[in-house]
Amino acid sequence: KQKTAYEIPKRDWSSDVCSSDLTSTQVVINGVNFTGTTGATGVKFGTTNAASYVVVSDTKIEAMSPVGVGAGAKQVVVTNTTGASTSNVTVTFV
């Protein structure tokens, strides 16, 4: 049985501060149960979909942050076929 995706609350970003303007920043998300994460809404920063992402393994996703998301801390949410993650992992956009 598949379990809900869960990010381990450990920052492992290529940068934990991302640009909120016209560029994307690669963000590496570590956790568990990422298998089954698909579609445009699979990874979100706040309420904004990631620009793109690749599920590298069941424990790792490489995502590009959205362009124009706006400044401030945004919760990272991963959704697989069972449901959305509930951890409070954030990335700060400036």
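In this text the structure is predicted, and so the values were computed from the model without any measurement.

K.L.:
Would you mind going over the overall build of the protein chain with me for this structure?
P.N.:
A count of helical and extended segments in the protein chain gives 0 helices and 9 strands. In the protein chain, the succession of α and β elements from N to C terminus is β-β-β-β-β-β-β-β-β. Going through the 94 residues of the protein chain one by one, you find that 38% of them count as buried. The long-range share in the protein chain, meaning contacts at least 24 apart out of those at least 6 apart in sequence, stands at 60%. As presented, the protein chain carries roughly 4,800 Å² of accessible surface, and 54% of it is formed by carbon and sulfur atoms.

K.L.:
Quick question: what am I supposed to make of the pairing of strand β7 (residues 60-64) here?
P.N.:
Regular strands show a simple pattern: their side chains alternate between the two faces of the sheet. Only one face of β7 is buried, namely the one carrying Ile 61 and Ala 63, since none of Lys 60, Glu 62 and Met 64 on the opposite face is buried. Examined bridge by bridge, strand β3 (residues 26-32) and β7 share 5 bridges and lie antiparallel to one another. Within β7, the residue paired with Ile 29 across the bridge is Ile 61. Pairing analysis gives 5 bridges linking strand β6 (residues 52-57) to β7, with the strands arranged antiparallel. Note on β7: the bridge partner recorded for Val 55 is Ile 61. Connecting the antiparallel pair β6 and β7 is a turn made up of 2 residues.

K.L.:
Sorry if this is basic, but what is going on with the confidence of the model for the protein chain here?
P.N.:
Model confidence for the protein chain is summarised by a mean pLDDT of 78, while 77% of its residues fall at 70 or above. Within the protein chain, no element has a lower average pLDDT than strand β1 (residues 6-7), which sits at 56, and none a higher one than β6, at 95. The model gives residues 8-15 a pLDDT under 50, and that stretch makes 20 contacts with residues more than four places away or in other chains.

K.L.:
Sorry if this is basic, but what is going on with the nonpolar core here?
P.N.:
The tendency in soluble globular proteins is for nonpolar side chains to be buried as a group. Counting 15 residues, the largest nonpolar core has Ile 29, Val 43, Phe 45, Ile 61 and Ala 63 as its most contacted members. Among the secondary structure elements, those contributing two or more residues to this core are β3, β4 (43-45), β7, β8 (72-78) and β9 (90-93).

K.L.:
How should I be thinking about the side chain of Asn 80 in this particular structure?
P.N.:
Within the secondary structure, Asn 80 is located in the loop between β8 and β9. When its relative accessible area of 6% is taken as the criterion, Asn 80 is described as buried. In terms of polar contacts, Asn 80 uses its side chain to reach the backbone carbonyl oxygen of Asn 33, at 2.9 Å.

What counts, and where the lines are drawn
Residues numbered from 1 in each chain as written. Predicted model: local features only at pLDDT ≥ 70, side-chain atom pairs only at ≥ 80, totals over all residues. Heavy atoms only, no water. Helix = DSSP H or I, 4+ residues; strand = E, 2+ residues; numbered from the N terminus. Buried < 20%, exposed > 50% of the residue type's maximum accessible area, 1.4 Å probe, protein only. Contact = heavy atoms within 4.5 Å. Areas by Shrake-Rupley, 256 points an atom, 1.4 Å probe, with all protein chains shown as cover. Pairing = 2+ DSSP bridges. pLDDT = per-residue confidence, 0-100. Core = buried A, V, L, I, M, F, W, Y, C linked by side-chain atoms within 4.5 Å. Polar contact = N/O pair within 3.5 Å; in protein donor to acceptor, adjacent residues only side chain to side chain.

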